[in-house]
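# A structural walkthrough
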Amino acid sequence: MPDTVLYEQSGHVATITYNRPEALNAVNGELRQDLNAAWNRFRGDNDAWVAILTGAGRAFCAGADMRDGAGSVGVFEGTFWEKPTINSFESGLELFKPTIAAVNGHCLGYGLTAALSCDFLIASDRATFGFPEVRLGVPTIVGAIMLPRRVEWGDAMELLLTGERVDAERAREMGLVWRVVPHDELMDGPRRTARRLGTAGVRATKEVATRTRNMSWVEAVRFGETMRLVAGATEDAGEGIAARAEGRPPDWQAR
């Protein structure tokens, strides 16, 4: 049986691909385990600087597989009540390397939550977006936390409370999608964007942006200045200054 998630690396860019095209990449127990393993592999690899998340076939990810509930919480250890809360990329795995969603088709439920978890969301003009859970009488949880932080309240409620889908252009108007591109050119943009990212300074900046959203101004600046000291101790900081002084391109190590 083929892997339900593909992990491929070219240079410093890892591409993680949902690979159940016959099921529109719906998340079952096996895919969930493979997906978590892929993100953990990316997070732990110093030579992988940027990740692109995409899907095989005509869907990015159609959400949870209703025939296999292990794709949601069933694969995580714990009691009925004490289940781990941060147990996947979609649920807030701490990851300060840049991530890019290349949405090639239907992006629903878990798929949309994963796309929202990425720093950049680039969509094919064939993509559709939605949280259909409420139409089944099921609440959307992580998506309901994340989406109002990304778009205006009314736009968030349109997706969350109606369960209806929107196309790529409507998603761009909402601010959900960063860019819409012709379907056949979908991977070009993420790869170009990935080549612009990856230094230790990028990771420190992302961590500051992430952690300070709910801090007071003084706490946020204090944390940011602490991260400036941390990043200043990395190889990249010294390399960047030396390269500028010598008039040459920097040889980034992202550490």
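Each remark here, short or long, concerns the structure printed above.
First, a word on scope: everything that follows refers to the structure included in this document. (Residues numbered from 1 in each chain as written. Predicted model: local features only at pLDDT ≥ 70, side-chain atom pairs only at ≥ 80, totals over all residues. Heavy atoms only, no water.)

Overall, the coordinates contain four aromatic pairs when judged by the stated rule. Measuring from centroid to centroid gives 5.3 Å for Tyr18 and Phe60, while their planes differ by 75°, and the two rings are edge-to-face. One end of the pair, Tyr18, is in strand β2 (residues 13-18); the other, Phe60, is in strand β4 (residues 59-61), with 42 residues separating them in the sequence. On the accessibility criterion, Phe60 (0% relative accessible area) is buried. Here the aromatic rings of Phe120 and Trp178 are separated by 4.9 Å at their centres, their planes lie at 50°, and the arrangement is tilted. Residue Phe120 is located in strand β7 (residues 120-124), and its partner Trp178 is located in the loop between α5 (168-174) and β10 (179-181); the two are separated by 58 residues in the primary sequence. The exposure class of Trp178 is partly exposed, given its relative accessible area of 34%. Every member of this aromatic cluster is reached through a ring pair, and the members are Trp39, Phe42 and Phe89. When the ring centre of Phe42 is taken as origin, the NZ or CZ atom of Lys97, which lies over that ring, is 4.7 Å away. Seen from the ring of Trp178, Arg179 lies directly overhead, with NZ or CZ sitting 4.0 Å from the centre. (Phe/Tyr/Trp six-rings, centres within 6.5 Å; stacked < 30°, edge-to-face > 60°. Helix = DSSP H or I, 4+ residues; strand = E, 2+ residues; numbered from the N terminus. Buried < 20%, exposed > 50% of the residue type's maximum accessible area, 1.4 Å probe, protein only. Lys NZ or Arg CZ within 6 Å of the ring centre and 35° of its normal.)

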